Structures are given as structure tokens and as C-alpha cells.
Amino acid sequence: MTVRIDRDGEIAVVTVDNPPVNALGQVLRQALWDVVGALDRDACVRAVVLICAGRTFIAGADVTEFGSPPLPPHLPELVDRIEAAAKPWVAAIHGSALGGGFEVAMGCRFRVALESASVGLPEVTLGIVPGASGTVRTPRLAGVEAAVELVTSGRPVKAGKALALGLVDAVVSGNLRAEAVTFARAALTRPLPPPVSARPVTAPGADWWDIQRQAIAGRARGELAPLRALDCLRVAAERPFAEAVAHERATFLDLRASDQAAALRHLFFAERAAARPAHLAGIEPRPLRKAAVIGGGTMGAGIAAALREAGRPVVLIERDAEAAERGLGNLRAIFDGAVRRGRLTAAQAQERMDGVTAGIDDSRLADADLVIEAVFEDLAVKREVFARLARACRADAILATNTSYLDPRQIAEGLPEPGRFIGLHFFSPAHVMKLLEIVPIPATSAETLATGFALARSLGKIPVQAGICEGFIGNRILKRYRAEAEALVRRGTPIAAVDAAMRRYGFAMGPFEAQDLGGLDIAFVQREAARAAGKDVPETLGDILVRAGRKGQKTGGGWYDYAPGDRTPQPSEATAALLAGRIAPGPALTDDAIAARLTGAMADEGKALLAEGIARKSSDIDLVEVHGYGFPRWRGGPMFAAG
Ligand code: 3HC
Ligand code: NAI
């Protein structure tokens, strides 16, 4: 049953039970609608506690319904009906009260939350605005400033902060139901506060709104919902309640039907499906308690930090004592950075460091359940490492390589028990980037593969399975993207015009600016290695720049020039002179045409990856691009954007 009513004396306890997350589908809306009427008519009931079964309070509207026209009873009316009920309702919140779930809670006269709970309005992350008075009731509860932050960021807040902001009335621990009933009973002994819709709101001046608009527009990079949400909040602050609700609803319905919302819904479901792929259903992952990382450089330190964040003790093995110290220093720098940004306290950073032991002694690998190798990108070095791991580790320890381009089959050659071997391709910085490409070799067991996915989930990463080819999914598309960008330059499109067009499309950086930041030499070295191995790799424009010493920002110039201490790209005469012979004049392209060319090339490469079986699903490719390469989320990824 979706909704159940129990009694605790004069208090009715309404329990919503609509797994998995108590989403407000039509059936639940109708059930709650009917319950309000029934309890209003019941003379024995003096107050109502609204509580949920399962892992969370109501997590919002049912997103699966967003593709079709809304059916009555509509959520705004349901929220109004709860607020207008003859008996006061008390929302008892555990897990998350999100979107429509929090809107229902705001229709209640009181909100009581477990200390572990959070509340929020994440609608903008789905390309919409709250559609059941979230932008109108929130400023009446917590003030305009807090409402703007909550609604335009979409980020939920924890119960403690929600209490400080006035979003909830009490934070409790222990038995939520009992605490909420006690709260309701106590509330009946005092005059009731006005319903949220009747509370006053103080409108800031026009200047304040202008500042907010500027800040949000800067972050949104083409995303519509945050700015439309800000408009709703302004109407909510300046106009009567009913008018503001009508404006919000119209905006919600408009955006609900938009391409951006469709793109963001696509990713919402793709992300959840990625974590638990159907082909691994029923396969038990191996328990992972102790982890080790080989190599404490850029990637090894980032991977170790990610493992520590997930609470795992980490053994870090380096090639000599000095390198081990450097590895620890790299980790320390990561946690110190988190302290500077306010993400960790100094004590938490120390606790993270205390869980790492670094050294050169392989005997410490004997009880590791998982070892991730992140040493130099060199087949011989990696093979030697795995030969050592075969001797030092348990025969059932999972052994993973973080190689970017090498063939994992060659790395695993000669390894005893190769069923435990797998590629786990993290992205830099590994403790930040959400993407994890999981690359099995033919010998990899299903259990090892399932363990890779379980590891990703425990690290909060988005796992995508990739087959073996040069660059797997992401770097192969990146190569094609860069080649297409160079092709445009060869046909006369200015370097800066390509970058500007991709920024306008929604990337934080264009392809040339990004190479200058990361260094042109990495891909160059790899091309040179392929050439040395006898492969036919045509000369790129990037090769010409690297040969002239222009490796990017670190050498003061690459595609662009950089003034010392300034990261602003300046068009470069030196680059123009170096490339002059390779550039033929061509037609001027609009920003849209440039973006269409480059994203179209990405989608074409994606189709090839699907045809070759390297990628399993087109939505996996979208996840790789969005989470690993900065593809604008609201475009849904190159495959989605290509239609
Ligand atoms: N509608 C439909 N299905 C939903 C859903 C929703 N709002 N939220 C989650 N689900 C589904 C997921 O797709 C997943 O399905 P699956 O098992 O078939 O893959 C299942 O519920 C479990 O979801 P998670 O794996 O995300 O579960 P977690 O326990 O990790 O997280 C959660 C729980 C924090 C509640 C998380 O699910 C979440 O953030 N959900 C989205 C909340 C949201 O965006 N709400 C706003 C909706 S828009 C709205 O309310 C408009 C209103 O203003 C009118
Ligand atoms: P790095 O050069 O920063 O670090 C490599 C570390 O491995 C060094 O600290 C070195 O001392 C150590 N090392 C070398 N040989 C060793 C051995 N035999 N035993 C123990 N430690 C040894 O390199 P980075 O960038 O961290 O790359 C590591 C791996 O990750 C490479 O395979 C690379 O292709 C891959 N990768 C790199 C990404 C990046 O953006 N830097 C992204 C994804 C993967």
C-alpha cells in the first residue's frame, strides 16, 4: 500500500511507502489527497505526522512522469491542501526531503528532521525549477538569500544547517516517529504559527538581484534553469503568493518540456543505471577492505586520496624511499588543499593521512584485497610491477592497472590467476573526477568486473565499462575531437574562434586552451612512441608546436602566448608563423557551425566505438564525456546531443 494511517492517541501517523524513494507519482499524490480529506473528517485526530518508510522521506516528483503531460491531482494543489488541512501536519524527515518532497514538507505546519537527514530543491539539476511552490514558500521560511542559494544551486543542506536557516523546526535523533509525535503533541499546547504561505517575505532591492543574476549567469554557461529559478524567486519576493505560484508553475511546465530538461533527465537515469549494469546482475563483488596503490605520483596520490575518502586504509608503494616521501607529500598536498577550501578540518586531514603507510617493502601487500598500479606509462615498468605483485599478493587479490593507453592484455601477460586482473582508468585529479573507465581483459572474471563496479560506487564514481582499444572510450574521442579542431584551423578558422565557440557551447575551455593547460607534450610523446613502433601517425599541428618548444602554459606558450604569472591566452604570432604553411584560407564559420562540427565528430567516434563493441551503450559514452571531459551536462553528452 502507498499510504498507511496509524494512530498514536489523538495523533494520526501517515506513513508513505512507495519504494524505492517515495517519489510522488500520480498514485501517491491521489492517496495523500484522499488522506487529507479523511483525517480532516475524523474528529478523534488533532494533528498529523507525515513520515516515510524505506531509505528516505519523499525524494521528489516522479521523474519518470516528466516525459508525459501531468495528471491530477497536481502537486501544487496537494501542497496547498495539506497546508489548509483542519489539523496541523508535521513532516517527519529522514534521508532526503528533495524537490516535491520538500515542497510537501513546506505545506506542513512543522518540519522535524533526523540529524542525518537533508533537505533541498535540486530541480535545477534536472533542468527545471521547483513546480509546487518551492521558490515561493522557501523565501517565506528562510529568507530570500538562503532561498536563492538553495534553489539556484540545487544543493541540499544537512538538517543542522536547515535548522539554522529556518527550513526545519527541530532536529532530533533516535526514533523519528516517536520524536515527531511528541513534537506534534507539544505543538498542540501552543498557538499555531501561520501557514508558510501566509508568512511575510522581505524583498531585496533591484541591485541585489542584479548581482545575483550576474553571478549565476557566470556559473550557468548556457544552462537556463538557474536563471529562470532566480526570476521565480524575485517574483516570489515582490508579488503576492498566488501570483508567484502561478508564475513558478508556468516556468516549471515550460522548462519540463525543454531540451535541456530532457538532456538532464537522460543523464539522471544513465548515471543510476551505470552504477549497476544489467549484465552483472546477481554477481557478488568481492569484499574490499585493504587497498594498496603502486606509484605515488599525480595519479597514485589522487587514487590513494579517493580511497582514503571512502574510509579505506591505504598502503602506498614507491620505487625508493625518497619517492615514497614525495608520494606522501603529494597526498598531504591534496588534503591540505581540502582544508584550505573548507572541505575538511585539519583533524580530518590528519586522520586521512594517518590511514596511509608509504614505503618500498612489498611484504606489506600480503593482506591487500585490491592493488591499483599507477607507475610510469611504460609497458616494461608496468610488467615488472605486476610480476612483483604476483609474488607479493594473495592469489585472490584484485590487481588493477591505471594505464591510459597501453594494452592491458600485454600488461597482464604471464600473470598467474589473470581472472583477477582489470583496468581501472581514473581521471586526473583522481580524487575529484567522477569518471572511472573499467576495462576488463578477456581473462577478467565476472566477479572481478563486478568488484570494479562496487569499488566505483564506494568511491562515489560513475563507472563505465570500456573495451580495449587505444585510449579506451574517452581518450579515443578526445583524439578525434582534437583532430577535428586542428582540421578547422588548417582550413582557416582562427584558433581563438574554435575555443570561443566551444566555450559558448558550454565547455569551460576550448580544445586548444585545454591543451595549453594540460601540456601538449603528453600526446606528442605518445604519438612519437607510436611512430617509433612503425605506426603511420601523420604529423599534427601540435607536433610542430612541441618541436618548437611550445608545450603549453608551462613553457610560456603553446597554441597561445602567456604573460608570466597570467593564465589568460593571448593570440600568438609565433604560433601563427610556425603553422603558416599548413593553413589554407577557408570559409568563416559561425560558432554554431564550429560546435556542430566538433561535437558531431565526437558522436561519430562514439558510433564507431559502439559498432566495435568498445562502448556498450550510447549513454555510457555521454557519461564519459560529461564526467571526464567537461562536456556540458545540460547538453546531455555528444550522443544525446546528436539525437
Ligand atoms: N523519480 C523517479 N525515480 C527516482 C527518483 C525520482 N525523483 N529519485 C530516484 N529515483 C530512482 C532511481 O532512478 C533509482 O532507480 P533504479 O533503482 O531503478 O536505478 C532508485 O530510485 C534509487 O535511486 P538512487 O540510486 O539515486 O538512490 P540513493 O539511495 O543513492 O539516493 C536520493 C536517494 C538521494 C533520494 C536520490 O535518488 C535522488 O537524489 N533522487 C532525485 C531527487 C530529485 O531530484 N528530486 C527532485 C525531483 S523534481 C521535483 O520534485 C519537481 C517538483 O518541484 C514538482
Ligand atoms: P607520475 O609520473 O606522476 O607518477 C608515477 C609514479 O610512479 C612516480 O611517483 C614514480 O616514482 C612511480 N614509480 C615508477 N616506477 C615505479 C615502480 N617500479 N614501483 C613503484 N613506483 C614506481 O605519473 P602519473 O601521471 O601519475 O601516471 C601514472 C599512470 O597513470 C600512467 O600509467 C598514466 O598513463 C596513467 N594516467 C595518467 C593520467 C594523468 O592525467 N596524469 C590520467 C589517467 C591515467
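Definitions and limits used
- Residues numbered from 1 in each chain as written.
- Chains lettered and ligands numbered in written order.
- Predicted model: local features only at pLDDT ≥ 70, side-chain atom pairs only at ≥ 80, totals over all residues.
- Heavy atoms only, no water.
- Domains from an automatic or database assignment.
- Near = heavy atom within 4 Å.
- Polar contact = N/O pair within 3.5 Å; in protein donor to acceptor, adjacent residues only side chain to side chain.
- Helix = DSSP H or I, 4+ residues; strand = E, 2+ residues; numbered from the N terminus.
- Nonpolar A, V, L, I, M, F, W, Y, C, P; charged D, E, K, R; others polar.
- Buried < 20%, exposed > 50% of the residue type's maximum accessible area, 1.4 Å probe, protein only.
- Contact = heavy atoms within 4.5 Å.
- Pairing = 2+ DSSP bridges.
- Axes fitted to C-alpha atoms, helices over the stretch in contact; angles between N-to-C directions.
- Salt bridge = Lys/Arg side-chain N within 4 Å of Asp/Glu carboxyl O.
- Parallel < 35°, antiparallel > 145°, perpendicular 65-115°, else oblique.
- Left-handed = near helix turned anticlockwise from the far one by under 90°.

Colleague: When you look at the domain arrangement of the protein chain in this model, what are you seeing that I'm missing?
Modeller: Quoted interface sizes are often the accessible area lost when the parts come together. Split into domains, the protein chain comes out as domain 1 (3-257), domain 2 (281-465) and domain 3 (474-613). For domain 1 and domain 2, the distance between their C-alpha centres works out to 42 Å.

Colleague: I keep staring at the site of ligand 2 and nothing clicks. Help me out?
Modeller: In the vicinity of ligand 2 there are 23 residues, among which Met299, Glu318, Arg319, Glu377 and Lys382 approach most closely. A distance of 2.7 Å separates an oxygen atom of ligand 2 from a polar atom in the side chain of Lys382. Broken down by secondary-structure element, the contributors of at least two residues to the shell around ligand 2 are helix 12 (298-309), helix 15 (379-392) and strand 15 (421-426). Take the shell around ligand 2: its biggest share by element is 4 residues, from helix 15. Considering only residue class, the shell around ligand 2 consists of 9 nonpolar, 9 polar and 5 charged.

Colleague: Help me understand helix 20 (residues 511-518) in this model?
Modeller: Pro511, Phe512, Glu513, Gln515 and Asp516 are the residues of helix 20 that are buried. Those residues of helix 20 that are buried are in contact with helix 18 (474-490), helix 19 (495-505), strand 18 (560-561) and helix 24 (591-611). Looking one or two residues beyond helix 20, the residue adopting positive phi is Gly519, at roughly 105°.

Colleague: Help me understand the sheet that holds strand 4 (residues 89-93), please; the structure alone is not making it clear to me.
Modeller: One key point about sheets: their strands pair by backbone hydrogen bonds, in either a parallel or an antiparallel sense. Across the sheet, 6 strands lie side by side as 1-2-3-4-6-9; this open sheet has mixed pairing. At either margin of the open sheet sits one strand with a lone partner, and together these are strand 1 (3-8) and strand 9 (170-172). Averaged over all pairs of adjacent strands, the angle between their axes in this sheet comes to 25°, without regard to strand direction. Sheet analysis places strand 6 (residues 110-114) next to strand 9, joined by 3 bridges and oriented parallel. Counterpart to Val112 in the pairing with strand 9 is Ala170.

Colleague: When you look at unusual backbone geometry in this model, what are you seeing that I'm missing?
Modeller: Comment: phi is negative for the bulk of residues other than glycine, and the bulk of peptide bonds are trans. A cis amide bond, omega 0°, links Pro19 with the succeeding residue Pro20. Turning to its location among the elements, Pro20 is positioned in the loop between strand 2 (11-16) and helix 1 (26-41). In this structure, Pro429 follows Ser428 across a cis peptide bond, with omega equal to -5°. Relative to the elements of secondary structure, Pro429 occurs in the loop between strand 15 and strand 16 (435-440). In this structure, Arg221 takes a positive phi of about 45° despite not being glycine.

Colleague: How do you make sense of the pattern of salt bridges when you look at a structure like this?
Modeller: Side-chain pairing between opposite charges can occur once the charged atoms of the two side chains come close. Here the structure, examined in full by the defined rule, presents 45 salt bridges. Across the pair Arg7 and Asp42 runs a salt bridge, and its minimum N-O distance is 2.7 Å. Of the two residues, Arg7 sits in strand 1 while Asp42 sits in the loop between helix 1 and strand 3 (47-52), which places them 35 residues apart along the sequence. On the basis of relative accessible area, Arg7 is assigned to the partly exposed category, the value being 43%. Overall, Asp42 belongs to the buried group, its relative accessible area being 17%. The salt bridge partner of Lys479 is Glu470, with a shortest N-O separation of 3.0 Å. The network of salt bridges with common partners includes Arg527, Glu528, Arg531, Glu539, Asp543, Arg547 and Arg582.

Colleague: Just checking my understanding: could you explain the packing of helix 5 (residues 144-153) against helix 8 (residues 206-220) for this structure?
Modeller: How two helices pack is summed up by the angle between their axes together with the distance between the axes. Relative orientation of the contacting elements helix 5 and helix 8 amounts to 15°, with a least axis distance of 12 Å. The orientation of helix 5 with respect to helix 8, classified from their angle, is roughly parallel. Between helix 5 and helix 8 lies a crossing of right-handed hand. Facing Val144, Glu145, Val148 and Thr152 of helix 5, the residues of helix 8 in contact are Trp208, Trp209, Gln212, Ile216 and Arg219. Among the residues forming the contact of helix 5 with helix 8, the class breakdown is 5 nonpolar, 2 polar and 2 charged.

Colleague: What am I meant to see in the sheet that holds strand 5 (residues 96-98) here?
Modeller: The strand order 5-7-8 describes an open sheet built from 3 strands, whose pairing is mixed. The open sheet is flanked by strand 5 and strand 8 (157-158), the only strands paired with a single partner. Of the pairings in the sheet, the one linking strand 7 (residues 118-120) to strand 8 comprises 2 bridges and is antiparallel in character. Note that in strand 8 the partner of Ser118 across the bridge is Lys158. On top of the sheet, helix 3 (residues 100-107) reaches strand 5 and strand 7; it is set at about 90° to strand 5, its chief contact.

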